[in-house]
Amino acid sequence: MPESTTFPTFDPAGLADAEPLLTLMRAFYAEEGLAYEDARARNALAALLADASLGRIWLVREGDALAGYVVVTLGYSLEFAGRFALLDEIYLLEPYRGRGWGRATLEHVANASHAAGLKAVRLEVEDHNARAYDLYGRAGYVRHERGLMTLFLDR
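Residues numbered from 1 in each chain as written. Predicted model: local features only at pLDDT ≥ 70, side-chain atom pairs only at ≥ 80, totals over all residues. Heavy atoms only, no water.

**Q** Before we go on, may I ask you to explain the packing of aromatic side chains in this structure?
**A** Aromatic ring pairs are described here by two measures, namely the spacing of the ring centres and the angle between the planes. Taken as a whole and judged by the stated rule, the model has eight aromatic pairs. Look at Phe28 and Tyr29: their rings are 5.7 Å apart centre to centre, the planes differ by 75 degrees, and that puts the pair in the edge-to-face class. Residue class for Phe28 comes out buried when judged on its relative accessible area of 12%. The exposure class of Tyr29 is buried, given its relative accessible area of 14%. Taken together, a centroid distance of 6.5 Å and an interplanar angle of 85 degrees make the contact between Phe28 and Tyr69 edge-to-face. Separated by 41 residues along the polypeptide, Phe28 in helix α1 (residues 18–32) and Tyr69 in strand β3 (residues 65–77) bring together distant segments of the chain. Counting every residue linked through ring pairs, the aromatic cluster contains Phe28, Tyr29, Tyr36, Tyr69 and Tyr91. Directly above the ring of Tyr133 sits Arg143, whose terminal nitrogen or CZ lies 4.0 Å from the centroid. (Phe/Tyr/Trp six-rings, centres within 6.5 Å; stacked < 30°, edge-to-face > 60°. Buried < 20%, exposed > 50% of the residue type's maximum accessible area, 1.4 Å probe, protein only. Helix = DSSP H or I, 4+ residues; strand = E, 2+ residues; numbered from the N terminus. Lys NZ or Arg CZ within 6 Å of the ring centre and 35° of its normal.)

**Q** When you look at the nonpolar core in this model, what are you seeing that I'm missing?
**A** Nonpolar side chains in soluble globular proteins generally cluster together in the buried interior. Counting residues in hydrophobic clusters, the biggest one holds 18 residues, and the most contacted among them are Val60, Val70, Leu87, Ile90, Trp101, Leu106 and Tyr136. Of all elements in the fold, only β2 (55–62), β3, β4 (82–92), α3 (101–115) and α4 (130–138) reach the threshold of two or more residues within this core. Here the element with the most residues in this core is β4; it accounts for four residues. Ignoring sequence-local partners within four residues, the contact set of Val70 consists of Arg56, Ile57, Trp58, Val60, Leu87, Glu89, Ile90, Thr105 and Val109. (Core = buried A, V, L, I, M, F, W, Y, C linked by side-chain atoms within 4.5 Å. Contact = heavy atoms within 4.5 Å.)

**Q** What is the right way to read the sheet that holds strand β5 (residues 121–123) from this model?
**A** Each strand in a sheet pairs with another by means of backbone hydrogen bonds, the pair being arranged parallel or else antiparallel. Here we have five strands laid out as an open sheet, ordered β1-β2-β3-β4-β5, and mixed in their pairing. The open sheet is flanked by β1 (9–12) and β5, the only strands paired with a single partner. The mean inter-strand angle of the sheet, taken between neighbouring strand axes irrespective of direction, is 35 degrees. One ladder, built from three bridges, connects β4 with β5; its direction is parallel. Following the sheet pairing, Ala85 is matched in β5 by Val121. (Pairing = 2+ DSSP bridges. Axes fitted to C-alpha atoms, helices over the stretch in contact; angles between N-to-C directions.)

Such coordinate-based values are descriptive only and should not be taken to indicate function.
In structure tokens:
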């Protein structure tokens, strides 16, 4: 994989960043085949941006250019003996893929989570996404023999 000659920067997102984030979210959801509902996305994003106890969002940049975003939300687990991070969304625009930026973003999340005293970082991967499994594995993530199940309460 070719390495980038530049290194990404990670700027904490604020309420003023909602529109660029929503644009990136729409692109991410379209690529992944996820349902995107604008009002629902706006409300969820606004809640996260307004309440740091829920998690963090960082804008991934190359200089002034927006390259993507990463979202980490917070939970608590007895298994982990404390708070953990859920790497909820990570998205890089196509020109920034294959340049080491995904790995740099994962390192940023791990470092920020460790500095915040979190016990673990979890994430979800679509079964068909071999590229993501490879990236996460190289970053130290371990695949569990557990199935992920969801009960949707607000649909």
